Amino acid sequence: MGKTKTGKMPASEKITYGFGNLAANLMFTTAGSFITYYYTDVVGLSVVVASNILLWARVFDGISDLVMGTIVDRSTSKKGKARPWIFRMAIPYALAIVLLFSSPDFLGTTGKAIYAFITYVLAMAGIYTATMVPYNSMLSTSTSDPVERGVMSTMRTLFGYGGATLVNAIVWPLITILGGDKKAWTIMAALFGFAATELLMALYKNSEERVIEAIEESGKEEKLPLSKQLQNLVKNKYWLILIGYLFATFIDSGLGGINIYYATWILGDGNKMGIIGTALTIPIMIGALAVPALMKRISKRNLCIAGSIIYILGAIVIALFPENFYIVVLGVVIKGFGKAPGAVAGYAMLGDVVDYGEWKTHTRNEGLVFSAATFGEKVGSGIGGLIMGVILSIGGYLSSAATQSAGALMSIKVVFIYAPIVFAVLSLLLMLVYDLDKKLPEIRRELHR
């Protein structure tokens, strides 16, 4: 097993690896930040119906993640086990984004709800999953070097949150320029879809699965039945912990759909949503640049713990002055720095979990292990969206109303300020029981004997 197979990667490959997460956020962040608003204020569905669509559709998402993880683990081709899926999904990915933000006018309310459910499941449980589970798996199949994985995870974070920043900053102005009607949302989606296809093709052309090639050359790869793969996965306690961690993190992301409501009704200007989004993502990107160097001195676990504490402090700052735009932005910036460690180290830890699973069960399950990432993203954000919808409904929020009641305004504050604190505390508690970092050196020595 030579170093050329498992070790250093060209800088250009590490950069284009980040393109995949930029493409991911052109769909995921656009849906996460705007799909509830699109369903309620553009299509005309009630907030409860919209929230239930997102929840139940994302339950299918979670199942599809595990299925796709199994497919990746059992895939074989001359071009790798994960990488070929990037090529196969590049064009369907663009079509999926368009379907998310299209709703035929001739359908009644029930028909529009059914159409929204079907297209959301097709896009997120189908196309997105078939693209992003393999993409996430490439963090482990491209190199076994933990430093290189850290750099890849940093690129993933930088481009991902760069995409999130771009989406939150330009969608609202772009919709306005395009006319502000339902057609404008579909045109926006088509533009994003074209860009996503180009990014995915660049990723495919400039990537290599070195670890998989090395295993195949050594003759050690073994195909196990799904039942055995799942048994091995459940034995991997660190996979379970990271599922919980990612789950809590993305429930918080799902709550991010409240930003447009908070900007509109609490801060008095929907355009401030772009500033709020940027105030969150830019610090994440800046912090992500520092995380690889910090990981050489501080364990990934401890970085994630510190990040959760910083995030909670940022939320407390907002709670002190919830209607002061500048204080809100300051608090969001602090929260952004708090999210950076988990955004980088959290995904690098999944590569460690693959190594632990190989050591414990003598088989590698990159696809299933990394399916935890998209599982946490979609099911977590779905529950976040449901929590948002339920709280808004309890508060009496009325879509398209000229004014909102005091209860509705309070419900918006609860979702924006207080609910994220709950899930940040949960993330903190999960990291406190994660102790794999100190075991990894010995595990890796045994694996490379």
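Residues numbered from 1 in each chain as written. Predicted model: local features only at pLDDT ≥ 70, side-chain atom pairs only at ≥ 80, totals over all residues. Heavy atoms only, no water.

Caption draft 1: How the structure looks around the overall build of the protein. Broken down by element type, the protein carries 17 helices and 0 strands. On C-alpha atoms alone, the protein measures out to a radius of gyration of 21 Å, which is about the 22 Å that the 2.2 N^0.38 rule sets for 449 residues. Within the protein, the proportion of its 449 residues that are buried is 60%. Surface accessibility of the protein: about 17100 Å² in total, with carbon and sulfur atoms responsible for 68%. Counting 39 positive and 29 negative side-chain charges, the protein places the centres of these two groups 3 Å from one another. (Helix = DSSP H or I, 4+ residues; strand = E, 2+ residues; numbered from the N terminus. Rg over C-alpha atoms; globule rule 2.2 N^0.38 Å. Buried < 20%, exposed > 50% of the residue type's maximum accessible area, 1.4 Å probe, protein only. Areas by Shrake-Rupley, 256 points an atom, 1.4 Å probe, with all protein chains shown as cover. Lys, Arg positive; Asp, Glu negative; His and termini not counted. Charge placed at Lys NZ, Arg CZ, Asp CG, Glu CD.)

Caption draft 2: Just unusual backbone geometry, in detail. Not every positive phi belongs to a glycine, and His-362 is a case in point at roughly 70°. Along the polypeptide, His-362 turns up in the loop between α14 (325–361) and α15 (366–395).

Caption draft 3: Expanded view of the nonpolar core. Grouped together as the largest cluster of nonpolar side chains are 127 residues, with contacts concentrated most on Tyr-39, Tyr-93, Phe-101, Trp-185, Phe-416, Met-431 and Tyr-434. If we ignore the near neighbours within four places in the chain, the residues touching Phe-416 are Ile-258, Asn-259, Tyr-262, Ile-276, Ile-318, Val-328, Val-332 and Lys-335. With 5 residues, the next largest nonpolar core counts Ile-312, Ala-315, Ile-421 and Ala-424 among its residues. (Core = buried A, V, L, I, M, F, W, Y, C linked by side-chain atoms within 4.5 Å. Contact = heavy atoms within 4.5 Å.)

Caption draft 4: The arrangement of the environment of Gly-287 in detail. With respect to the helices and strands, Gly-287 occurs in helix α12 (residues 272–295). Of the residues examined, Gly-287 reaches a relative accessible area of 12% and is grouped as buried. The spatial distance from the C-alpha of Gly-287 to the C-alpha of Thr-157 is 9.8 Å, given a sequence separation of 130 residues. In this structure, Gly-287 is in contact with Phe-337 and Ala-340, ignoring residues within four places of it in sequence.

Caption draft 5: Summary view of the packing of helix α2 (residues 11–43) against helix α6 (residues 146–177). As a packed pair, α2 and α6 sit with axes 7 Å apart at the nearest point and diverge in direction by 35°. Two packed elements cross with a definite hand, and for α2 against α6 that hand is right-handed. (Axes fitted to C-alpha atoms, helices over the stretch in contact; angles between N-to-C directions. Left-handed = near helix turned anticlockwise from the far one by under 90°.)

Caption draft 6: Inspection of the pattern of salt bridges at higher detail. Within this structure, the stated rule accounts for 11 salt bridges. Of the charged contacts, one joins Glu-208 and Arg-210 as a salt bridge, the two residues approaching to 3.6 Å between their closest N and O atoms. Where Arg-445 meets Glu-442, a salt bridge forms, and the shortest distance between an N and an O atom there is 2.8 Å. Separated by 3 residues within a single helix, Arg-445 and Glu-442 lie in helix α17 (residues 440–447), roughly one turn from each other. Connected through shared salt-bridge partners, Glu-13, Glu-208 and Arg-210 make up one network. (Salt bridge = Lys/Arg side-chain N within 4 Å of Asp/Glu carboxyl O.)

Caption draft 7: Quick look at the environment of Val-48. Tracing the sequence through the fold places Val-48 in helix α3 (residues 47–74). In sequence terms Val-48 and Leu-386 are 338 residues apart; their C-alpha atoms lie 8.0 Å from each other.

Caption draft 8: Focus on α12. The end-to-end C-alpha distance of α12, which contains 24 residues, comes to 35 Å, matching closely the 34 Å that a straight helix rising 1.5 Å per residue would cover. A bend of about 30° at Leu-289 is the largest found in α12, and the proline Pro-292 appears one to four places after it. (Expected span 1.5 Å × (residues − 1). Bend = angle between axes of the 7 residues up to and from the residue.)

Caption draft 9: Quick peek at the packing of aromatic side chains. Counting across every chain of the model gives 19 aromatic pairs. A centroid spacing of 4.5 Å and a plane angle of 20° characterise the contact between Tyr-17 and Tyr-135, whose relative ring orientation is stacked. With Tyr-17 in helix α2 and Tyr-135 in helix α5 (residues 109–141), this pair connects stretches of sequence that are 118 residues apart. The interplanar angle of 85° and the centroid separation of 4.9 Å between the aromatic rings of Tyr-238 and Tyr-356 together place this pair among those described as edge-to-face. In this pair, Tyr-238 is assigned in helix α10 (residues 237–255) and Tyr-356 in helix α14, connecting sequence segments 118 residues apart. Here Tyr-238 falls in the buried class, since its relative accessible area comes to 0%. By relative accessible area, which is 6% here, Tyr-356 ends up buried. An aromatic cluster of three or more residues is present, and its members are Phe-34, Tyr-37, Tyr-38, Tyr-39, Phe-101, Trp-172 and Trp-185. Lying across the ring of Phe-416, Lys-335 places its NZ or CZ 5.7 Å from the centre. (Phe/Tyr/Trp six-rings, centres within 6.5 Å; stacked < 30°, edge-to-face > 60°. Lys NZ or Arg CZ within 6 Å of the ring centre and 35° of its normal.)

Caption draft 10: Structural detail: the packing of helix α11 (residues 259–266) against helix α16 (residues 406–432). At a minimum axis distance of 10 Å, the contact between α11 and α16 shows a crossing angle of 135°. The angle between α11 and α16 falls in the class oblique. The chirality of how α11 crosses α16 is left-handed. Along its contact with α11, which presents Asn-259, Tyr-261, Tyr-262, Trp-265 and Ile-266, the element α16 presents Leu-409, Ile-412, Lys-413, Phe-416 and Ile-417. Residues of the contact of α11 with α16, tallied by class, amount to 8 nonpolar, 1 polar and 1 charged. (Parallel < 35°, antiparallel > 145°, perpendicular 65-115°, else oblique. Nonpolar A, V, L, I, M, F, W, Y, C, P; charged D, E, K, R; others polar.)

Caption draft 11: Spotlight on the side chain of Asp-355. With respect to the helices and strands, the residue Asp-355 is situated in helix α14. When its relative accessible area of 4% is taken as the criterion, Asp-355 is described as buried. Residue contacts for Asp-355: discarding those within four places in its chain leaves Arg-149, Arg-364, Ile-443, Arg-444 and Leu-447.

Caption draft 12: Molecular detail of a positive patch on the surface. A cluster of basic residues, Lys-228, Lys-235, Lys-237 and Lys-360, forms a positive patch on the protein surface. On the secondary structure map, Lys-228 appears in helix α9 (residues 226–235). The class for Lys-228 is partly exposed, based on a relative accessible area of 31%. (Patch = residues over 30% accessible without salt bridge, like charges linked within 9 Å, V, L, I, M, F, W, Y side chains within 5 Å.)

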